[in-house]
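Single-letter residue listing:
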Amino acid sequence: MYPPTSPYPHPPLHQTHSGPPPSKALTNTGHTTNYFHQQNNQHLQPHLPQHHPPPTVAPPAVRPPHPSAAAAQQYTPALPTNALYDPPPQQALYCTPDAYYGQQTYHAPQAQQLQHQLPHQQQQQQQHQPPVNGVGAPLYPIVSYPSAPGSSQYGTLRSSQSPCQAPGAVPTLVGAPLHQHPQTSADTNSIAPSGDMPNHSPPYNNYGYPGMQPAYQQGPASHGDSSPSHALYGQQQPQQYAQPFPNMSTLSAALGGLSGVPELELEALMPVNLLHERSLLPDRPLEAPEPNLSPDLRKVNCSPQTFRCTLSSIPQTQALLNKARLPLGLLLHPFRDLQQLPVITSNTIVRCRSCRTYINPFVSFLDQRRWKCNLCYRVNDVPDEFMYNPVTRSYGEPHKRPEVQNATVEFIASSDYMLRPPQPAVYLFVLDVSHNAVEAGYLQHFCDSLLDNLDKLPGDTRMRVGFLTFDSTVHFYNLQQGLSQPQMLVVSDIDDIFIPSHDSLMVNLKDSLELVKDLLGALPSMFRDSRVTHSALGPALQAAHQLMAPTGGRISVFQTQLPSLGAGLLPSREDPNQRSSSKGVQHLGPATDFYKKLALDCSGQQIAVDLFLLSSQYADLATLACVSKYSAGSIFYYPSYHHVHNPAQRDKFRKDLDRYLSRKIGFEAVMRIRCTKGLSIHTFHGNFFVRSTDLLSLANVNPDSAFAVQMSIDDSLVDSSLACFQAALLYTSSKGKRRIRVHTLCLPVVSQLSDVFAGADVQAITCLLANMAIDRSVSSSLGDARDALLNAVVDGLGVYRNTVSTLQQHGLIAPDNLRLFPLYILALLKQKALRTGTSTRLDERVFAMCEFKTQPLQQMMRMVYPDMYRMDTISDQGSLHLNDTVVPQPRLLHLSAERLSRDGAFLLDCGSVLYLWVGKCVNEIFIRDVLGCPNYASIPPNMTDIPELETKLSERVRAFLDWLQDNRAFSCLFYVVREDASAKLDFFQNMVEDRSEMGLSYHEFLQNLLQQMSK
Amino acid sequence: MAFTFAAFCYMLALLLTAALIFFAIWHIIAFDELKTDYKNPIDQCNTLNPLVLPEYLIHVFFCVMFFCAAEWLTLGLNMPLLAYHVWRYMTRPVMSGPGLYDPTTIMNADILAYCQKEGWCKLAFYLLSFFYYLYGVYLLFLLCTLSCSGAAVFGAGVQHSWFYTKRAPRTADIH
């Protein structure tokens, strides 16, 4: 699968001649429009004196591609880009040892060799400069595509664009300064709704709704709605404090120098009787629990949005972990968009010599010259260069370096961290143009969106793009600079796909910009009358893989139906009558391994495949998703997409595309997760290929995907009071820089069960359990997965009741920090991915599963248990002041119809969708001031926006909505739902605490739990 | 004649089990390499997968031989492993080629641990059955020689019986 290659010593110039058999591709003339890094340049860079690197020294300059000499060096396929990431014990995983050692001789010989060959090749290029239309009698059919309107007006591009560029003109992402933003300001993330915002505690209002309509009251809703929690807490607190934890003294002893925070712990462990407590939700969205660390460590610890552990106190032994019956794992969002990030350029990246951990804030300095690794406890030397602190420009303060002051840092990596020159940004778009696709009409929106975003595509001057369309045949587009209009090359031999022309299909965007625009303008009309119903996705993907193999990059596939031709064709597996069956769901796994194997091939060549499925029929996402899952791509699904009949999906597609095209991207990435000796990684969740026990291979990394990791404890952690986790993501930025982003999380180790419970993070636990349940439902069955989720709650609460809680209470009790656990699990069981009983289309279910696996925690929690707020009574009380806007902070409400009232308007935030539900008897002022309609009856049924009115109420509502949407990766859809509208079904599906066809109500669920626990 | 065919089966099984022991050791080493990060899972699966069916077929082969030889006890002892192999291959992940191991799931700690355990268990089973077959060969030839040459040979001991067994078919011919 991975042919051994010997990448460096021999630049594979011959490759262009040994492509497909000549009978097939004749235009293959050995001139390749490739980029050429003058590596020798870098080599000649004088070595900086190690002791006093001037703070303004630029990173070793990489010369930009030299367009006139744009020949040479085609990237070798299957390069083990990252073999050096973790040098000696790490084999170059995708290549032979030769290749691995080959890099030693990387600079000099190769550079010379290239130099020798370069002129020759240029000559060759001139000689072989082919007739542009490929008159060399190609055997494949060439179709010069139907004259696009006005296409002839474009002449060659060369005249209009200057072919030469100054060597230094590459815009470098990180400019000259040695580091940026060394000062961490703690409140940078506070703008995010879920961020580290100060915990406002507004006056504890009476939050019952006196005007609640009887219609919305189910059961004994009225009792004690005023503030039952107060009453209960009042009763329990004395008992709790009267019986102090016996382990308090031992705890502080175990924590050594850490100053424990017993109050926090007691609060977290305070028992809550779930059956009596009716208001469990906090006023604001839940925050991650603070690990029980000393304030110094807590201050520098990694942000919980990036790195979070299900147990913020790590149990000492596996036995203790088993006893607690809570899952141990990490939730990671390593590449998320950060507002500030210390970027460090230095000649030596300081790492532990034995475990290769990057130096981080949790290491200890034994003296000026030595530091002790916090993961393997080896004592290392501090290199001379590290003694100099570029922030204060002082010498001899290694502990003040930005690496040691920040838990999240980014290094600019040297050539030690690359096995080939950093790849350029390469994007290939593979578009379905069959009849079905034309009917759905996505092409127009795609082309428009791409045209709008062409200048926002991340990349430098080397950026290349290509297009490929397919129906029952595969169409390539020659966009070679100099053509008057794009050329379409059709390959109809889909059983043995080949690339008709090697150098003109992936073109430099800058050089061929006009041609690309031309093509995008013409594409929608070209296939308007297509009658071909078949879809040869498999061959198209194979072709895309061949096209991208030399460089790596991103393939975006747009597919609208079940692949029906060539390799990878799929049968329809869904039986619509089984959609609501409660017996079990079939076909959650792939039907064939074609897409998986293709994904692995792609992953090996550093290609990621992103899948956009816009299908109205069953398209077997379970199988198709494999192509993205194992190549670290993303999956988007738009059920029943139609450009006219389904405007909601169309808008979502447009918005998603805008974000998708312009978001950051990292190429040829790997992520390694290291943890304190004794801990080990059990399973990974997300989209990637696991290359070894702690190394993920990510062909591309994007800021919107997250990962989950299950951990286990191999050896006892008795000797250590702290456990650390370090995730290091090595990637090539879109500007061609090799960078390493390092996150380090530090948590205390505890020896008591009660401490383990006190540190439990209910949101993280829910997310990890969801990931585990999805694995289980694919490998075993959905029923098993649901049972496992249920058992997780039963076990967790059972252990708490029997061992930790000192109260002999009847009923269902939970520690305060886990009081939402049953609620979240119930919500999880009613999610599309895991629900039974109600009709769920297989593709939608599979997509929900894929989303669970890749969504970051905040987003996922909003999907599982959406946030609901009352909007008509919104006030400035307790509001958040950000810059010059005032953001009101309404209370969170339980997701139950009994919390709704006819005279209110409620906002439901489901992550990707926002619903504003408007009751029938809502205040006229609200309708007038916020919705801009005279009365309830005149609210349009499909309102998707609220007008900008100059009223106080409107301003508040809009400020709140904007604040909610701020920093959300994909902008969400907004619907105004009238109480009597048909769309209210979608809204009420989210009322997970009510009894529905999907399952029990919350109260019944608790009764059920109690029954199970007493068994 | 029947018992000589049985003896032949045992001898064959003895040799093939020796081969299977090598398979099992190879299996254990391969998974150990995976665990210690020396190998890429894709490569490792590519080397392991082609070996799965031969191993199973070898085992099936001498099970069939024992069936033909009507060695019910031996067959019974092998049945669990045979059934396990069938089950294991039926529940393999969706794959187009032969084999059991999927590079995308193999690094999962549970599966890795399972495969390792499977390797050790099989090694133990094959080792035990190796000695069992050795004993079977010995016993059968002992019986053979006993019936052919009488009780006098019995005292010859283990070392000598091997020589007798070699000659045993010939003595049968003479008779």
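Residues numbered from 1 in each chain as written. Chains lettered and ligands numbered in written order. Predicted model: local features only at pLDDT ≥ 70, side-chain atom pairs only at ≥ 80, totals over all residues. Heavy atoms only, no water.

**Description of the overall build of chain A**
Okay, so step 1: A count of helices and strands for chain A gives 28 helices and 36 strands.
Okay, so step 2: Buried positions account for 62% of the 1015 residues belonging to chain A.
Okay, so step 3: Residue pairs in contact within chain A that sit at least 24 positions apart in sequence constitute 78% of those at least 6 positions apart.
Okay, so step 4: In the form shown here, chain A has an accessible surface area of approximately 37,300 Å², with 51% of it arising from carbon and sulfur atoms. (Helix = DSSP H or I, 4+ residues; strand = E, 2+ residues; numbered from the N terminus. Buried < 20%, exposed > 50% of the residue type's maximum accessible area, 1.4 Å probe, protein only. Contact = heavy atoms within 4.5 Å. Areas by Shrake-Rupley, 256 points an atom, 1.4 Å probe, with all protein chains shown as cover.)

**Section: the sheet that holds strand β6 (residues 329-332) of chain A**
Two modes of strand pairing occur in sheets, parallel and antiparallel, and in both the strands are linked by backbone hydrogen bonds.
All names here are of chain A.
Okay, so step 1: Pairing in this open sheet of four strands is antiparallel, and the strands run β4-β6-β26-β23 from one edge to the other. A strand with exactly one partner marks an edge of an open sheet, and here the two such strands are β4 (307-309) and β23 (679-685). Each adjacent strand pair in this sheet contributes to an overall mean axis angle of 25°, direction not counted.
Okay, so step 2: As judged from the four bridges shared by β6 and strand β26 (residues 707-713), these two strands associate in the antiparallel manner. (Pairing = 2+ DSSP bridges. Axes fitted to C-alpha atoms, helices over the stretch in contact; angles between N-to-C directions.)

**Concerning the UniProt feature "domain: Sec23/Sec24 beta-sandwich" (unreviewed entry) in chain A**
Okay, so step 1: Per the UniProt record, the feature "domain: Sec23/Sec24 beta-sandwich" (unreviewed entry) sits at residues 666-750 of chain A.
Okay, so step 2: For residues 666-750 of chain A, the helix share is 0%, the strand share is 71%, and the end-to-end C-alpha distance is 37 Å. (UniProt positions renumbered as here; feature names shortened; annotations may be inferred.)

**A word on the pattern of salt bridges**
Okay, so step 1: Considering all chains together, one arrives at 38 salt bridges over all chains under this definition.
Okay, so step 2: Counted as one network, the salt bridges with shared partners bring together D337, R659, R663 and D704 of chain A. (Salt bridge = Lys/Arg side-chain N within 4 Å of Asp/Glu carboxyl O.)

**Section: the packing of aromatic side chains**
All names here are of chain A.
Okay, so step 1: With the rule as written, the count across this model stands at 46 aromatic pairs over all chains.
Okay, so step 2: Each ring, one from Y427 and one from F667, has its centre 6.1 Å from the other, and the planes form 50°; the classification is tilted. With Y427 in strand β14 (residues 426-432) and F667 in strand β22 (residues 666-675), the pair connects residues that are 240 residues apart, well separated along the chain.
Okay, so step 3: In this structure F667 comes out as buried when scored by relative accessible area, which is 0%. (Phe/Tyr/Trp six-rings, centres within 6.5 Å; stacked < 30°, edge-to-face > 60°.)

**Overview of the side chain of N508 of chain A**
Residue and element names in this part refer to chain A.
Okay, so step 1: Position of N508 among the secondary structure elements: in strand β18 (residues 507-508).
Okay, so step 2: Of the polar contacts made by the side chain of N508, one reaches the backbone oxygen of T461; its length is 3.0 Å.
Okay, so step 3: At 2.8 Å, the side chain of N508 and the backbone nitrogen of K510 are in polar contact.
Okay, so step 4: When residues no more than four places from it in sequence are discounted, the contact partners of N508 are T461, R462, M463 and R464. (Polar contact = N/O pair within 3.5 Å; in protein donor to acceptor, adjacent residues only side chain to side chain.)

**Focus: the interface of chain B and chain A**
Okay, so step 1: With 20 residues of chain B at the contact, the number on the chain A side is 24 residues.
Okay, so step 2: For the pair chain B and chain A, the interface holds one salt bridge.
Okay, so step 3: Note that K596 of chain A is salt-bridged to D102 of chain B, the shortest N-O span being 2.3 Å.
Okay, so step 4: Elements with a contribution of two residues or more to the side of chain B that touches chain A: α1 (2-35), α2 (41-68) and α4 (109-149) of chain B.
Okay, so step 5: Sort the elements by how many residues they give to the side of chain B that touches chain A and α2 of chain B lands first, with four residues.
Okay, so step 6: The residue makeup of the side of chain B that touches chain A, split by class, is nine nonpolar, five polar and six charged. (Nonpolar A, V, L, I, M, F, W, Y, C, P; charged D, E, K, R; others polar.)

**Focus: the environment of T803 of chain A**
Residue and element names in this part refer to chain A.
Okay, so step 1: If you trace the backbone, T803 turns up in helix α21 (residues 782-804).
Okay, so step 2: For T803, a relative accessible area of 46% translates into the label partly exposed.
Okay, so step 3: With 50 residues separating them in the primary sequence, T803 and L753 have C-alpha atoms 8.1 Å apart.
Okay, so step 4: In terms of polar contacts, T803 uses its side chain to reach the backbone carbonyl oxygen of V799, at 2.6 Å.

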